[in-house]
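# Survey of secondary and tertiary structure
The lines below spell out each chain.
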Amino acid sequence: MILGFDPGRDKCGVAVMEKEGQLLTHEVVASGNAIAKLQQLCQQFPIETIVMGDQTTAKRWKQKIQEELPASVPIVLVDERYSSLEARPRYWQMYPPRGFQRLIPQGMRQPPRPIDDIVAILLIERYLIKGKS
């Protein structure tokens, strides 16, 4: 299983996915609670790899994770450029708009919550695609 992690200053996205692409869990957590959440997920699931975005504060987060989580779990950095833009349409795919939201063109819709967890899902998918090529 792969744990996706989208690091951020205020909030982070986490997701767990099987190598076959089955999504098991995803959520947005406050940055202050991120390490505890990663530890919890590593206990709950047999995590083989942590896939993390390589942009915002990535070096600092990678060091923190290496200090706090088992050394046996490798951390792989994945290019996260444009992942936030890619996450918006994915959000609406996962959670189709209802009511008046359906009338607003997709490009103008704003998700009603942070989408860092969707970014974490995309990072895992990018890692899986890169591994297959």
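Details of the structure are given in the entry above.
Residues numbered from 1 in each chain as written. Predicted model: local features only at pLDDT ≥ 70, side-chain atom pairs only at ≥ 80, totals over all residues. Heavy atoms only, no water.

Read across the sheet, 5 strands follow the order E3-E2-E1-E4-E5 without closing on themselves; strand pairing throughout is mixed. Bordering the open sheet on either side are strand E3 (23-30) and strand E5 (75-78), each of which pairs with just one other strand. Taking each pair of neighbouring strands and ignoring which way they run, the sheet shows an average axis angle of 20°. As paired elements, strand E4 (residues 49-53) and E5 share 4 bridges and run parallel to each other. The residue of E5 that forms the bridge with Met52 is Leu77. (Pairing = 2+ DSSP bridges. Helix = DSSP H or I, 4+ residues; strand = E, 2+ residues; numbered from the N terminus. Axes fitted to C-alpha atoms, helices over the stretch in contact; angles between N-to-C directions.)

The next point concerns the environment of Leu24. Inspection of the secondary structure puts Leu24 in strand E3. Residue classification places Leu24 among the partly exposed residues on the basis of a relative accessible area of 33%. Separated by 71 residues in sequence, Leu24 and Tyr95 place their C-alpha atoms 16 Å apart. (Buried < 20%, exposed > 50% of the residue type's maximum accessible area, 1.4 Å probe, protein only.)

So, about the packing of aromatic side chains. If you walk through the whole model with that rule in mind, you get 3 aromatic pairs. Ring geometry for Tyr91 and Trp92: centres 5.0 Å apart, planes at 90°, overall edge-to-face. Note on Tyr91: relative accessible area 7%, which makes it buried. Assessed through its relative accessible area of 8%, Trp92 is described here as buried. Here Tyr91 and Tyr95 contribute two aromatic rings whose centre-to-centre distance is 5.1 Å and whose plane-to-plane angle is 40°, an arrangement assigned as tilted. Residue class for Tyr95 comes out partly exposed when judged on its relative accessible area of 32%. Connected via pairs of aromatic rings, a cluster forms that spans Tyr91, Trp92 and Tyr95. Between the NZ or CZ atom of Lys64 and the centre of the ring of Trp61, over which it lies, the distance is 4.6 Å. A cation sits over an aromatic face here: Arg109 above Trp92, 5.3 Å from the ring centre. (Phe/Tyr/Trp six-rings, centres within 6.5 Å; stacked < 30°, edge-to-face > 60°. Lys NZ or Arg CZ within 6 Å of the ring centre and 35° of its normal.)

On to the layout of surface pockets, then. There is about 190 Å³ of room inside the largest pocket. Residue composition of the lining of the largest pocket, grouped by class: 3 nonpolar, 3 polar and 6 charged. (1 Å grid on protein atoms, 1.4 Å probe; cavity = no way out; pocket = protein on both sides within 12 Å on 5 of 7 lines; lining within 4 Å. Points joined across faces, edges and corners; volume = space filled by probe spheres on them. Nonpolar A, V, L, I, M, F, W, Y, C, P; charged D, E, K, R; others polar.)

For the rest of this paragraph, the subject is the nonpolar core. Within the largest apolar cluster, 22 residues are counted, with the highest numbers of intra-cluster contacts made by Leu3, Phe5, Leu38, Ile47, Ile50 and Ile65. When contributions to this core are tallied by element, the ones reaching two or more residues are strand E1 (2-6), strand E2 (11-17), helix H1 (34-44), E4 and helix H2 (58-68). Dropping the residues within four chain positions of it, Leu3 is found in contact with Ala15, Val16, Leu38, Leu41, Cys42, Ile47, Thr49, Ile50, Val51 and Ile124. Listed in part, the 17 residues of the second largest apolar core include Ile2, Val78, Ile118 and Ala120. (Core = buried A, V, L, I, M, F, W, Y, C linked by side-chain atoms within 4.5 Å. Contact = heavy atoms within 4.5 Å.)

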